[in-house]
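If you want the building blocks of each chain, they are given just below.
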Amino acid sequence: MRAIIPFNQDWLFLPEEAAPDDRFEAITLPHTNVVLPHHNFDDAEYQFISTYRKRFALPEPLNGRRVYLDFDGAMIASTVTINEHTFEEYRGGYTPFSFDITDYLNPDGDNLLTVRLDSNERKDIPPFGFVVDYLAFGGIYRDVTLRYVAPCHVQRVFVRPQNVLTGSPNIEVDVWLANQNDTAQQCTVLGAVEDDQNAEAEASVTIDVPAHDTVKVTLSLTGGEFRLWTLDEPALYACLVQLYRPNAQDEPVLLDHVTTRFGLREAEFRPDGGFYLNGERLDLVGLNRHQTYPYIGAAAPARLQRLDADILKHELSLNLARTSHYPQSPHFLDRCDEIGLLVFEEIPGWQHIGDEDWQTLSLRDVRAMIERDWNHPSIILWGVRINESQDNEAFYTATNKLAHELDPTRQTGGVRNFPDSQFLEDVFTFNDFSNTVVEPLYTPYMVTEFNGHMFPTKSYDQEERVMEHALRHARIQDKQLGMPNVAGAIGWCAFDYNTHQEFGSGDRICYHGVMDIFRLPKYAAYAYGSQVNPNQQVVLQAATVWSMGDRSEGGIDPLIVFSNCEELEVFIGDERIGRYQPDRETFPHLPYPPFKISLGPGLLTWGRRMADLRIVGYVADEIAAEQCIAADGLPYELQLAVDAAELDADGADMTRLVFRIVDRYGNRLPYTNQVVSFEIDGPADLIGENPFALIGGQAALFVKAQHQPGRVTVRASTPRLQPASVTLTIR
Ligand code: GAL
């Protein structure tokens, strides 16, 4: 019978090629091959060959089973050795790989597993070969598991709900069976979907699987009454596939069982230019996400991966994310399924197409991505072009053909940056950096990037720039929402990210995010975040530091406020200035346009003493929100917070530790660069720079659990303010 055993614990690591064990450091996966500062480092610092080792006895007896070692991802070329046997190098940092290690194991004794990990930018492996605007940090940065299966077992399952908008959907389940026995095996495959609300469907099939072969069977499950997967109520179901061996006594023996989570939804880009979810047009509003983080590269544990999805959905009010420019963590995608966030996922690559061997790897990536992720209802489109590469008819005909063969239920896109590119996919996905939305030459059509390098913006830039950055996002989204032949637009990008010296601001960061590298908001985050019904969440954020002298030529005119309130009332000190409506004229298509408030030349003039700003937001004539900004601009409080109050004592779990200096009303002071120092007590470590000079008045570290349970306290201090502290539980 199947057993899935987490294999992240008790590894040894050395940042060089093999040596005696005593030189190694004990680590837990996911792991980055080097912890770095959040910027100002050289990519050579993580580009080296390292060695991972693990000594282990089999956690369960074999009992005639096969044992597979499954890697979710390691950057970028892994040579795995188990005892005396070395497998062929796996080339690729973003797709999973697996080895059957059974024949090389000492079933009753000690085993030595070694991974020689080459984290250099190898020109033979996508995305490399030319320059790339992001970093492929090194390490075994995703999970590893040990999988025991019977020699005849389920290799893969693809659950394909059909006719989901009719009263009688059927669930087709493709099951791949592998038989590693020396003789053919007769098997019965049983598929069932059940839930606690009495939806159920079942089917079975009996088949012969030849020796050392793989066959595919398709079950058609009918009869259930299922709820649809929607953005507001993303219903998920579990499909249980069981594999039996019939026997003479008519008592079938259970050989294997696999549970697959899925959802029922219809997602389609139509020739009219629109995207339809479950038969209804849905205007797509999204941002691009890179999987990299400050300090830890891409080695973020499940909790941080899931947090990103929550930020995109709940803080930025998006309905779509693009996993630019590669398949991302299964934990991130799982969370997208759970909260109803659509995903456009694409193969690794950036502008460069390599030789035939490279293209073969890229086709392998198409397969690996689709076979790994086809059961995620959140994924609506496969990206099967190298982002912004030149046309290549043979290559892209092949990637599209393969994607359609593997997954007939989803359309393909392929991101390009020139409008007359050869249209081989189902959806023309286009990076439009024109600072408007150009008229599509083809439909279906979606804008997959805009803004980005056209207007890099730091969270501590001058007010008018950070405000204009936000307005650029708002203008493009507004424009595309008014174009019926455009399905949606995905801005560049969600979070600032580390990059090579050829890109970004020279400190190895591309400041293209609507949030900074710590996932903390710039004003543009509120331009997105405010596009949500105020019944769900009220947003009110003025795009100002409330100072007369920050903008060119001075003044605070106009005052821009991002809010989903119906009306705003503005006060300066005790003086009521007026009541205002959103700027529907400039933004006719945004659900909740920004407010553009003219404070007039008479109100705020040089020499006039500033008073506090107070903005009151109304929904249905009731007060729904208020923001006050202190006119004195003085640091009032050091704030410290964690996203999660409990961590798992697994040596890898992490939460973000956010700190900021705020004014009397809790507004971040974006030009405060005070140094904050941290101390930690208890079974956890701080990851990041300590002490830290604030960036835009804020920043974050990570708290990482050790292996023992207990209470953890983090204390932060900075000159002239009260220290702050926060506690967590490691369980
Ligand atoms: C695009 C590219 C992205 C990023 C962006 C910056 O050309 O696809 O990866 O570099 O520009 O605006």
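Whatever comes next refers back to the structure up there.
Residues numbered from 1 in each chain as written. Predicted model: local features only at pLDDT ≥ 70, side-chain atom pairs only at ≥ 80, totals over all residues. Heavy atoms only, no water.

Asks: Any chance you could explain the overall build of the chain here in plain terms?
Replies: Within the chain one finds seven helices and 48 strands. In summary, the chain has a C-alpha radius of gyration of 27 Å against a globular reference of 27 Å for 731 residues, a match within 12%. Viewed in the frame of its principal axes, the chain has a C-alpha envelope of about 95 × 60 × 50 Å. When the 731 residues of the chain are sorted by exposure, 61% land in the buried category. Of the contacts made within the chain by residues no fewer than 6 positions apart, 68% connect residues no fewer than 24 positions apart. For the chain, the accessible area works out to roughly 27,700 Å², and carbon and sulfur atoms hold 47% of it. Averaging the coordinates of the 60 positive side-chain charges in the chain and doing the same for the 105 negative ones gives two points 3 Å apart. (Helix = DSSP H or I, 4+ residues; strand = E, 2+ residues; numbered from the N terminus. Rg over C-alpha atoms; globule rule 2.2 N^0.38 Å. Buried < 20%, exposed > 50% of the residue type's maximum accessible area, 1.4 Å probe, protein only. Contact = heavy atoms within 4.5 Å. Areas by Shrake-Rupley, 256 points an atom, 1.4 Å probe, with all protein chains shown as cover. Lys, Arg positive; Asp, Glu negative; His and termini not counted. Charge placed at Lys NZ, Arg CZ, Asp CG, Glu CD.)

Asks: When you look at the side chain of Asp550 in this model, what are you seeing that I'm missing?
Replies: Relative to the assigned elements, Asp550 resides in the loop between strand S33 (540-542) and strand S34 (559-563). Buried within the structure, Asp550 lacks any salt-bridge partner; Arg551 is the closest side chain of opposite charge, at an N-O distance of 6.7 Å. Polar side-chain contacts of Asp550 include one of 2.7 Å to the side chain of Tyr671. Here Asp550 is in contact with Gln462, Glu463, Glu464, Val545 and Tyr671, once residues within four sequence places are set aside. (Salt bridge = Lys/Arg side-chain N within 4 Å of Asp/Glu carboxyl O. Polar contact = N/O pair within 3.5 Å; in protein donor to acceptor, adjacent residues only side chain to side chain.)

Asks: I would appreciate a short explanation of the packing of aromatic side chains in the present structure.
Replies: By convention here, two paired aromatic rings are described through the distance between centres and the angle between planes. Evaluated as defined, the whole model comprises 32 aromatic pairs. Ring centres 5.2 Å apart and planes at 80° place the aromatic pair Trp350 and Phe503 in the edge-to-face group. Here the residue Trp350 occupies a position in the loop between strand S24 (342-346) and helix H3 (356-373), and Phe503 occupies one in the loop between strand S31 (497-498) and strand S32 (509-510), the gap between them amounting to 153 residues. Each member of the pair Trp350 and Phe503 is classed as buried. (Phe/Tyr/Trp six-rings, centres within 6.5 Å; stacked < 30°, edge-to-face > 60°.)

Asks: Got a minute to help me understand the pairing of S34 in this structure?
Replies: Regular strands place their side chains on alternate faces of the sheet. Counting buried positions along S34 gives five out of five residues, so the element sits mostly inside the fold. The pairing of S33 with S34 spans three bridges and is classified as antiparallel. Each bridged residue has a counterpart across the sheet, and for Ala542 the counterpart in S34 is Val561. (Pairing = 2+ DSSP bridges.)

Asks: Help me out: how do you make sense of the site of the ligand in this one?
Replies: The environment of the ligand is formed by 13 residues, the closest being Asp133, His325, Trp350, Glu388 and His453. Measuring from an oxygen atom of the ligand, one finds a side-chain N or O atom of Trp350 at 2.7 Å. At 2.8 Å, a side-chain N or O of Glu449 approaches an oxygen atom of the ligand. Out of a free accessible area of 310 Å², the ligand has 94% covered by protein chains. Of the residues in the shell around the ligand, the class split is four nonpolar, six polar and three charged. (Near = heavy atom within 4 Å. Nonpolar A, V, L, I, M, F, W, Y, C, P; charged D, E, K, R; others polar.)

Asks: Can you walk me through the side chain of Thr51 in this structure?
Replies: Structurally, Thr51 can be placed in strand S4 (residues 49-56). Take Thr51: its relative accessible area is 2%, and that puts it in the buried class. Non-local contacts of Thr51, meaning those with residues more than four positions away in its chain, are made with Leu12, Phe13, Leu14, Glu16, Glu17, Ala18, Phe24, Thr114 and Val115.

Asks: I would appreciate a short explanation of the sheet that holds S34 in the present structure.
Replies: Hydrogen bonds between backbone groups are what pair the strands of a sheet, and the pairing can be parallel or antiparallel. Read from one edge of the open sheet, three strands run S33-S34-S37, paired in antiparallel fashion. Single-partner strands in this sheet number two, and they are S33 and strand S37 (595-597). Between one strand axis and the next, the sheet turns through 20° on average, direction left out of account. (Axes fitted to C-alpha atoms, helices over the stretch in contact; angles between N-to-C directions.)

Asks: What is the right way to read the packing of H3 against helix H4 (residues 393-406) from this model?
Replies: In a packed pair of helices, the relevant descriptors are the angle between the two axes and the axis-to-axis distance. At a minimum axis distance of 10 Å, the contact between H3 and H4 shows a crossing angle of 20°. By the angle between their directions, the pair H3 and H4 is classed as roughly parallel. When you trace H3 past H4, the crossing you get is right-handed. Of H4, the residues touching H3 (which contributes Gln359, Ser362, Leu363, Val366, Arg367, Ile370 and Glu371) are Phe395, Ala398, Thr399, Leu402, Ala403 and Leu406. A breakdown of the residues in the contact of H3 with H4 according to their chemical character gives eight nonpolar, three polar and two charged. (Parallel < 35°, antiparallel > 145°, perpendicular 65-115°, else oblique. Left-handed = near helix turned anticlockwise from the far one by under 90°.)

Asks: Explain the nonpolar core to me, please; I cannot follow it from the model alone.
Replies: Counting 64 residues, the largest nonpolar core has Leu312, Leu316, Leu318, Ile370, Val514, Tyr528 and Phe562 as the members making the most contacts within it. Sorting elements by how many residues they give to this core places helix H5 (residues 463-481) first, with seven residues. Three or more residues apiece are contributed to this core by two domains, here domain 3 (267-529) and domain 4 (540-629). With 42 residues, the next largest nonpolar core counts Tyr295, Ile517, Phe702 and Val726 among its residues. (Core = buried A, V, L, I, M, F, W, Y, C linked by side-chain atoms within 4.5 Å. Domains from an automatic or database assignment.)

Asks: Even after reading the chapter, I still don't get the environment of Gly697, so can you show me in this structure?
Replies: Within the secondary structure, Gly697 is located in the loop between strand S45 (692-693) and strand S46 (698-705). We classify Gly697 as buried; its relative accessible area is 0%. Separated by 106 residues in the primary sequence, Gly697 and Pro591 place their C-alpha atoms 31 Å from one another. Aside from chain neighbours lying at most four places away, what touches Gly697 is Phe659, Arg660, Ile661, Arg668, Leu669, Pro670 and Thr672.

Asks: What exactly am I supposed to notice about unusual backbone geometry here?
Replies: Keep in mind that most residues, glycine aside, have a negative phi and that most peptide bonds are trans. Following Met75, the chain continues into Ile76 via a peptide bond in cis, with omega recorded as 0°. Looking at where Ile76 falls in the secondary structure, it is placed in the loop between strand S5 (66-71) and strand S6 (77-82). Along the chain, Asp557 connects to Pro558 via a cis peptide bond; the corresponding omega equals 0°. In this fold, Pro558 is placed in the loop between S33 and S34. Positive phi, close to 55°, is recorded for Glu388, a residue that is not glycine. Here Glu388 shows up in the loop between strand S25 (379-383) and H4. When its relative accessible area of 12% is taken as the criterion, Glu388 is described as buried. Not every positive phi belongs to a glycine, and Trp546 is a case in point at roughly 55°. Relative to the helices and strands, Trp546 resides in the loop between S33 and S34. Among the residues examined, Trp546 registers a relative accessible area of 1% and is labelled buried.

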